Amino acid sequence: MLVLGIETSCDETGIALYDTERGLLAHALHSQVAMHAEYGGVVPELASRDHIRRAPRLIGKALADAGLEIGAVGAIAYTQGPGLAGALLAGASLAAGLGVALKVPVLGVHHLEGHLLSPLLAAPRPEFPFVALLVSGGHTQLMRVDGVGLYELLGETLDDAAGEAFDKTAQLLGLGYPGGPQVARAAETGDAYRYKLPRPMLNSGDLEFSFSGLKTAVLNLAKKEGPGATADIAASFQAAVVDVLAGKCLAALTRTGMDRLVVAGGVGANRALRARLDAEAGRHGFTVFYPPLDLCTDNGAMIAYAGALRLTAGAPSDGGFSVRPRWELAELEAVPVS
Ligand code: KG4
Ligand code: ZN
């Protein structure tokens with residue numbers, strides 16, 4: 001079955017074609033970063049309009065790349081939530097319309113389930129069960145994953161998400177939007193040991209996170225040290241985040257007794273985080289899995305893939321056009337997957 005994936009939850013229009021026999025055939029992406037950059041963040045109304053404008057052309061591109069016609073599509077998976085309501089509706093309405101036109105099932109997918117399962121698109125694939133670190137712009141969560149739809153929240157951030165902390169730090173340092181890649185780039189030439197920033201909740205004994213205090217520490221430091229210290233502050237900030245994320249991952253693996261860690265979400269693209277987790281994996285004898293680098297941030301492939309798993313397990317069509325801007329992963333139903 002050929003599944004068309006449509007992702008429009010935030011500021012990336014992602015389209016993909018996933019075939020249950022042949023794997024990922026094509027994916028096309030348009031990032032709205034440049035459009036939102038002058039406002040310093042995502043403007044929801046502009047995001048919705050741009051999704052409507054871009055998505056049909058991206059579908060054409062993905063089909064052309066895969067050498068297929070639209071009639072080959074056997075099902076449609078779209079991001080139903082969580083995300084910006086208007087942006088989600090743009091994708092949901094496109095999915096609903098195409099579903100009627102093509103007479104194929106349409107299934108709403110949970111955006112975070114897409115992220116969680118995206119490492120299964122890479123080789124080698126992690127086997128269930130595993131611990132997942134989900135680190136995106138809106139979420140920082142440790143989950144126990146026993147199968148598709150079998151997600152147990154082990155811990156999460158009490159305030160800012162890790163990606164949000166990167167974005168806010170970039171703003172404070174005048175590095176622009178989106179912050180993660182910019183801070184990471186600035187950090188490359190910086191001294192991570194110059195400033196000792198806090199590692200919030202690293203030794204709290206639980207699996208919760210907090211990043212807002214770190215942001216305040218960066219603000220005070222940036223005011224005191226001035227623009228000359230930007231690279232060192234960026235490097236010191238990144239080191240603090242990596243320390244906390246790595247420490248909590250180790251604690252989650254110990255607590256669950258598991259030896260597989262999966263990292264997903266935009267911050268999973270961070271090279272310093274990957275290097276640290278790889279080193280810890282070698283030291284502590286666990287295996288760490290990542291999505292392909294271009295599938296860490298929002299994309300249509302993860303939505304097509306998660307939709308394909310659910311559809312082949314017998315999930316019924318929901319017809320599209322329903323969105324859930326707020327939606328907890330724990331509300332998902334488990335599906336048997338071979
Ligand atoms: O998963 P994602 O694309 O969107 C959400 O669902 O939130 O994640 C976006 C987040 C942003 O906060 C962005 O700054 C961060 O991921 N990010 C990074 C890197 N690339 C993206 N953070 C740190 N280092 C990176 N290389
Ligand atoms: Zn995302």
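Residues numbered from 1 in each chain as written. Chains lettered and ligands numbered in written order. Predicted model: local features only at pLDDT ≥ 70, side-chain atom pairs only at ≥ 80, totals over all residues. Heavy atoms only, no water.

**Student:** A description of the overall build of the protein chain should follow, citing residues and the corresponding values.
**Tutor:** Looking only at helices and strands, the protein chain has ten helices and ten strands in total. Computed over the C-alpha atoms, the radius of gyration of the protein chain is 20 Å, within 12% of the 20 Å expected from 2.2 N^0.38 for a compact globule of 338 residues. Burial statistics for the protein chain: of 338 residues in total, 52% are counted as buried. Total accessible area on the protein chain stands at roughly 13,900 Å², and carbon and sulfur atoms take up 53% of it. Here the protein chain contributes 27 positive and 35 negative side-chain charges, whose respective centroids are spaced 3 Å apart. (Helix = DSSP H or I, 4+ residues; strand = E, 2+ residues; numbered from the N terminus. Rg over C-alpha atoms; globule rule 2.2 N^0.38 Å. Buried < 20%, exposed > 50% of the residue type's maximum accessible area, 1.4 Å probe, protein only. Areas by Shrake-Rupley, 256 points an atom, 1.4 Å probe, with all protein chains shown as cover. Lys, Arg positive; Asp, Glu negative; His and termini not counted. Charge placed at Lys NZ, Arg CZ, Asp CG, Glu CD.)

**Student:** Quick one: what's the story with helix α10 (residues 300-312), residue by residue and with numbers?
**Tutor:** Over its 13 residues, α10 extends 18 Å from the first C-alpha to the last, a length consistent with the 18 Å expected when each residue adds 1.5 Å. For α10, the buried fraction is high: twelve of the 13 residues fall into the buried class. Buried residues of α10: Gly300, Ala301, Met302, Ile303, Ala304, Tyr305, Ala306, Gly307, Ala308, Leu309, Arg310 and Leu311, and no others. Turning to α10, the residues buried within the fold contact β1 (2-7), β2 (12-19), β3 (23-31), β4 (75-81), β5 (106-110) and α4 (111-117). For α10, the capping residue at the N-terminal end is Asn299, with a side-chain oxygen 3.0 Å from the backbone nitrogen of Ala301. Of the residues trailing α10, Gly314 is marked for its positive phi of about 100°. (Expected span 1.5 Å × (residues − 1). Contact = heavy atoms within 4.5 Å. Polar contact = N/O pair within 3.5 Å; in protein donor to acceptor, adjacent residues only side chain to side chain.)

**Student:** Residues and numbers for the side chain of Thr256, please.
**Tutor:** Secondary-structure assignment places Thr256 in helix α8 (residues 230-256). A polar contact is formed between the side chain of Thr256 and the backbone oxygen of Ala252, at a distance of 2.8 Å. Reaching out from Thr256, the side chain makes a polar contact with the backbone oxygen of Leu253 at a distance of 3.4 Å. Dropping the residues within four chain positions of it, Thr256 is found in contact with Val131, Arg144 and Leu154.

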